[in-house]
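A closer look at the structure
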2 protein chains.
Amino acid sequence: MDRRDSVSSIRVFSLNCWGVRYLSKHCAERYGMIADLLQREKHDVVLLQEVWSEKDYLFLKKKLANSHVHSHYFQSGVIGSGLAIFSKHRIQDTLLYRYSLNGYPYMVHHGDWFGGKAVGLAVVNVGAMTANVYLTHLHAEYSRERDVYLPHRVVQAWELQQFIRHTSAGADVVILGGDLNMHPQDLGNRLLKSYTGLRDAFADAGHFEGCEDGLTLILDNPFISKHVIAPFEKGIRIDYILFKGSCRADIQCSTMYTTKGSVPGHPFPYSDHEALTADLHFDALAPSEACGDSRARSCDRAQEVAQLVDILTEARTEVKVGVHCARRMRDTATRTGIMGLALLLLELVIAAVPWLAPGAQKTLPFPLTSFYLLAALCLAILLCTTWLYVFYSMELKSLQGTEDQMRLAVGGLQEKLRGFPVVEQQESVGK
Amino acid sequence: MDRRDSVSSIRVFSLNCWGVRYLSKHCAERYGMIADLLQREKHDVVLLQEVWSEKDYLFLKKKLANSHVHSHYFQSGVIGSGLAIFSKHRIQDTLLYRYSLNGYPYMVHHGDWFGGKAVGLAVVNVGAMTANVYLTHLHAEYSRERDVYLPHRVVQAWELQQFIRHTSAGADVVILGGDLNMHPQDLGNRLLKSYTGLRDAFADAGHFEGCEDGLTLILDNPFISKHVIAPFEKGIRIDYILFKGSCRADIQCSTMYTTKGSVPGHPFPYSDHEALTADLHFDALAPSEACGDSRARSCDRAQEVAQLVDILTEARTEVKVGVHCARRMRDTATRTGIMGLALLLLELVIAAVPWLAPGAQKTLPFPLTSFYLLAALCLAILLCTTWLYVFYSMELKSLQGTEDQMRLAVGGLQEKLRGFPVVEQQESVGK
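Residues numbered from 1 in each chain as written. Chains lettered and ligands numbered in written order. Predicted model: local features only at pLDDT ≥ 70, side-chain atom pairs only at ≥ 80, totals over all residues. Heavy atoms only, no water.

One pass over the structure, following the stated rule, counts 35 salt bridges over all chains. Linking R407(A) and D404(A) is a salt bridge whose minimum nitrogen-to-oxygen distance equals 3.6 Å. Taken as a pair, R407(A) and D404(A) lie in helix α8 (residues 368-418) at a separation of three residues, close to a single helical turn. Taking the shortest distance from any N to any O, the salt bridge between E314(B) and R190(B) comes out at 3.0 Å. Within this pair, whereas E314(B) is found in helix α7 (residues 302-356), its partner R190(B) is found in helix α5 (residues 187-196), the two being separated by 124 residues in sequence. Ionic contacts of the salt-bridge type, sharing partners, join the residues R11(A), E41(A) and D279(A) into one network. (Salt bridge = Lys/Arg side-chain N within 4 Å of Asp/Glu carboxyl O. Helix = DSSP H or I, 4+ residues; strand = E, 2+ residues; numbered from the N terminus.)

A separate point is the interface of chain B and chain A. At the junction of the two partners, chain B supplies 53 residues and chain A supplies 53 residues. A combined buried area of about 4800 Å² lies between chain B and chain A, and 56% of that area is made up of carbon and sulfur atoms. Interface area lost by chain B to chain A is led by Q75(B), H166(B) and K397(B), which between them contribute 13%. Across the chain B-chain A interface, the total number found is four salt bridges. We note a salt bridge from D93(B) to R165(A), for which the minimum N-O separation is 2.5 Å. Where chain B touches chain A, the interface holds ten residue pairs in polar contact (both at pLDDT 80 or more). By residue number, the principal contributor to the side of chain B that touches chain A is helix α8 (residues 368-419) of chain B, which donates 17 residues. (Contact = heavy atoms within 4.5 Å. Buried area = accessible area lost by both parts, 1.4 Å probe. Polar contact = N/O pair within 3.5 Å; in protein donor to acceptor, adjacent residues only side chain to side chain.)

Residues and elements named next belong to chain A. With a phi angle near 50°, K42 is a residue other than glycine that sits in the positive phi range. Locating K42 in the fold gives a position in the loop between α1 (27-41) and β2 (45-49). Given the relative accessible area of 43%, K42 is considered partly exposed. The phi dihedral of N181 is positive, around 50°, even though this residue is not glycine. Along the polypeptide, N181 turns up in the loop between β8 (173-179) and α5 (187-196). (Buried < 20%, exposed > 50% of the residue type's maximum accessible area, 1.4 Å probe, protein only.)

Here we take up a nonpolar patch on the surface. Judged by side-chain polarity, Y106(A), M329(A), W387(A), Y106(B), M329(B) and W387(B) come together as a nonpolar surface patch covering roughly 530 Å² of accessible area. Note that W387(B) resides in helix α8. The class for W387(B) is partly exposed, based on a relative accessible area of 34%. (Patch = residues over 30% accessible without salt bridge, like charges linked within 9 Å, V, L, I, M, F, W, Y side chains within 5 Å. Areas by Shrake-Rupley, 256 points an atom, 1.4 Å probe, with all protein chains shown as cover.)

What follows covers the side chain of D112(A). Residue and element names in this part refer to chain A. Looking at the element boundaries, D112 is found in helix α3 (residues 112-115). Within the local environment of D112, its side chain forms a polar contact with the backbone nitrogen of A140, the two atoms lying 3.1 Å apart. With residues near it in sequence (within four places) discarded, D112 still touches N102, K117, H139, A140 and Y142.

All names here are of chain B. Summarising the element assignment, E50 is placed in the loop between β2 (45-49) and α2 (54-63). In this structure, E50 is buried with no salt-bridge partner, the nearest side chain bearing the opposite charge being K117 at 6.1 Å. A polar atom in the side chain of E50 sits 3.3 Å from the side chain of N16. Ignoring sequence-local partners within four residues, the contact set of E50 consists of N16, C17, W18, G19, Y31, G82 and H137. (Lys, Arg positive; Asp, Glu negative; His and termini not counted.)

A few words on the relation of the copies chain B and chain A. When chain B is fitted to chain A, the residual RMSD is 0.1 Å, and the transformation amounts to a turn of 180° plus an axial shift of 0.1 Å. Here the transformation between the copies is reduced to the relation of a two-fold axis. By C-alpha distance to the rotation axis, the residue of chain B lying nearest is T167(B), at 2.2 Å. Both copies contact each other with a shared surface, as 100% of the interface residues of chain B are interface residues in chain A too. (Least-squares fit on C-alpha atoms with pLDDT ≥ 70 in both.)

Ordered in space as β5-β6-β7-β8-β13-β9 (chain A), the six strands form an open sheet in which the pairing is mixed. On the outer flanks of this sheet lie β5 (91-98) and β9 (199-200) of chain A, each paired with one strand and no other. Bridge count for β8(A) against strand β13 (residues 239-244) of chain A is six bridges, and the pairing is antiparallel. Counted as the bridge partner of D179(A) is D239(A) from β13(A). The strands that helix α4 (residues 150-167) of chain B touches are β5 and β6 (118-126) of chain A; relative to β5(A), the one it contacts most, it runs at about 110°. (Pairing = 2+ DSSP bridges. Axes fitted to C-alpha atoms, helices over the stretch in contact; angles between N-to-C directions.)

With that out of the way, let us pick up the sheet that holds strand β7 (residues 129-137) of chain B. Residue and element names in this part refer to chain B. Across the sheet, six strands lie side by side as β5-β6-β7-β8-β13-β9; this open sheet has mixed pairing. The sheet is open, and its two borders are formed by β5 (91-98) and β9 (199-200), each paired with just one other strand. Two elements, β7 and strand β8 (residues 173-179), share seven bridges in a ladder whose sense is parallel. Bridge pairing in β8 places T136 opposite G178. Where α5 meets the sheet, its contacts fall on β8, β9 and β13 (239-244), and the angle it forms with β13 comes to roughly 15°.

Residues and elements named next belong to chain A. With five of five residues buried, β2 is to be regarded as a mostly interior element. Residues of β2 alternate between two faces, with V45, L47 and Q49 on one and V46 and L48 on the opposite face, all of them buried. The sheet contact formed by β2 and strand β4 (residues 83-87) spans four bridges and is antiparallel. Counterpart to L47 in the pairing with β4 is I85.

This part is about the packing of helix α4 (residues 150-167) of chain A against α5(A). All names here are of chain A. The N-to-C vectors of α4 and α5 enclose an angle of 15°; their axes lie 9 Å apart at closest approach. The orientation of α4 relative to α5 falls into the category roughly parallel. Note that α4 runs across α5; the crossing there is right-handed. Between α4, through V154, A157, W158, L160, Q161, I164 and R165, and α5, the contact on the second element is made entirely by L187, G188, L191, L192, Y195 and T196. Here the contact of α4 with α5 is composed, by residue class, of nine nonpolar, three polar and one charged. (Parallel < 35°, antiparallel > 145°, perpendicular 65-115°, else oblique. Left-handed = near helix turned anticlockwise from the far one by under 90°. Nonpolar A, V, L, I, M, F, W, Y, C, P; charged D, E, K, R; others polar.)

Take the environment of H227(B) next. By the secondary structure assignment, H227(B) is in the loop between β11 (217-218) and β12 (235-236). A C-alpha to C-alpha distance of 10.0 Å links H227(B) and S143(B), two positions 84 residues apart in sequence.

So, on to the packing of α4(A) against helix α7 (residues 302-356) of chain A. Residues and elements named next belong to chain A. Contact pair α4 / α7: the axes reach a minimum separation of 8 Å and the direction vectors enclose 135°. When the axis of α4 is compared with that of α7, the two are oblique. As for the relative orientation of α4 and α7, their crossing is left-handed in sense. Contact with α4, carried on its side by L150, P151, V154, V155 and W158, involves L312, A315, E318, V319 and G322 of α7 and no other residues of that element.

It is worth spelling out the packing of aromatic side chains at this point. Throughout the structure, instances matching the rule amount to 36 aromatic pairs over all chains. Where Y142(B) meets Y149(B), the ring centres are 5.9 Å apart and the plane angle is 65°; that geometry is what we call edge-to-face. Y142(B) gets classed as partly exposed once you look at its relative accessible area, which sits at 40%. Members of the aromatic cluster, each reached through a chain of ring pairs, are Y104(A), Y106(A), Y142(A), Y149(A), W387(A), F391(A) and Y392(A). One Lys or Arg, R30(A), reaches over the ring of F223(A) and ends 5.5 Å from the middle of that ring. (Phe/Tyr/Trp six-rings, centres within 6.5 Å; stacked < 30°, edge-to-face > 60°. Lys NZ or Arg CZ within 6 Å of the ring centre and 35° of its normal.)

Let us now look at the confidence of the model for chain A. Detailed reading of the predicted model is not advised wherever pLDDT is low. All names here are of chain A. Taken over all residues, the pLDDT of chain A has a mean of 88, while the share at 70 or more is 91%. Here residues 1-5 scores under 50 on pLDDT; set against residues more than four positions off or in separate chains, the count is ten contacts. Confidence estimates for the predicted assembly give a pTM of 0.89 and an ipTM of 0.86. (pLDDT = per-residue confidence, 0-100.)

So, in structure tokens, the structure goes:
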């Protein structure tokens, strides 16, 4: 049966709402503006990030009760994952995958750890099609020159591509929206796109309206402080809508839009990020027998496989740097803990000497205040270092686990590469 | 094309190795025995749990270098996930899903939290077939009468079924092995089996050899203390091999074996759990057009759907109990923290009074030792309760998230139920 007659379309919206109550500027007003926009535009699927308060989600849910009947808020971490999806179509099923690494709890001022970053999956029925809609927000990049979170973000990108590949075999189309906190050519982005075969709506759109180069953090946005995007003249692009079809459906992006800072008739923009809208059209394909496991994505050419091996090798190097750092930090915590314990024991021994030595005066050889303060300090050091040891051990396990998986993947790809005809292999090496 | 001529088989082995170095009895000797068994029997896929030390995994890997060329150790948590897979067939890909809940870190004597319980997926190519092999170990049940971990285990069972459903659409056959820490009729087990359609190898085997009723923790095992299985005369069954086919392959279990405590020629058994072996045979089916999304499992009859709604409702109740407990614990932590803070402030005020009141004596109104001890106590309370507040907030988020997802699922199922013909609906209600 040729089902080419059943063509459908889906309009996807994605926005990082910057919704930190009491801290983000004009938070409540902006949510009101966002709700008005969504009510008016009636996108098929709305993917929101940084909706940190469940109250704000419930506010949106109430406002969108008629335009977007189906919704889901992904709960995670201490504060939440910040991920919310609203849909005109039934959300058949959901699943949340929490990234194994997401910054450090003691970096309270960065706050990423408390957000419990994750990728949410909503299985949405669009007509006869099943769309797997993924929504995510990766760890922020606070310094491009000295990005201590790079190994964590690479692990997140790795887990994101794994999760998408493994869960999308049954989907007709795959859509991913969110704030990836990665520039288009960043390692994690290349890893994600090469491995999953996802296409960038901005790059693939037939028509584009919005900020130059599809930027999503721009200087024209009054909420953006210049130092955030300092090394880049006009701004950066870190928010994306990505998509791909399957052997059962073809998908194309006809038009892509971004907001451009200000909103007509309003004194400020929707958020510090620009909002993205993509019009995607899909087209059912005649079922073919080979149509089974879409996990084995179409790396059919030696060149593609060789490229993937290169990207994976680069990612492994980055993860190894992370392993090295985590091990060093754990060793530092261990040494500091041992020092704290030694100091405590030393203090106790010195304090005990007058009581043990016969004939000596039964008083402390140092002031009582110093004694208690030092003991408290030693105990605090012991507690903190124990906790840090546990934390770094977990970080190390996750990094090593990722490195193991990457090694397995490189091995598999290299074997595949050896299976290609010699001419094609040489070509791929020459490129 | 009819591919009925290509029949394959796979022999699966599963064992909880009880591999706590220095604590589990005869740990090293038992690993030696396990390695000998695996080398001799050459099972296709070996699923091991509680391999807590990576050194023991590496020992097995070395010993099995010829019999089981492919292997993977799933890293997670502080100690590890304890999960290891060895395979005669190529492991094409792996993925680890860490359960969002897994006991409490302060229950150090139970230790589950430190193990980072998870489900590991290995995509294994068996001939022309793709087998998704899952391996897991759920939170232990320390008291059947007063099981405080029940909500956590129900959430784990929920996440396990979600993970299997969402990741197995591309698989020809699905195999799950592990220590589920649930009796055959326990809520989590019913949830897992009804939702995924997985079949129990013990119940479905054409032929069975081993312990009566397929028990896996038995009194005849010298490592088992009587109080562990006290309410049950002969023992309990908590380890399983489950399986299912797809629209592309049919699968049957011809024979199932368990060990029976002692090992001939050895003074003690392989572990405190019995080992399971299942001979599975699969048979390729002619591809059909409907063969796409295996997530929408074959709940085609109103009775099945109604049963699933009942199980889900029971599970939701259990998760709600968990939400209630977590909220109460968080409230207790908050109140205790506030008391600690109030006490600290009160102490500081009392200490400051002599310095502030004109003409009063400038000394502390209580002994210096008490002052420092009380201040240290207050600070310790503040630190601990802050940490507990963060932990319980995360627990609450996970429980609430699961409850949300279950509510969504029940809604979907009830809608499906309304779609069935009235006669069938009445039948299902009457049962």
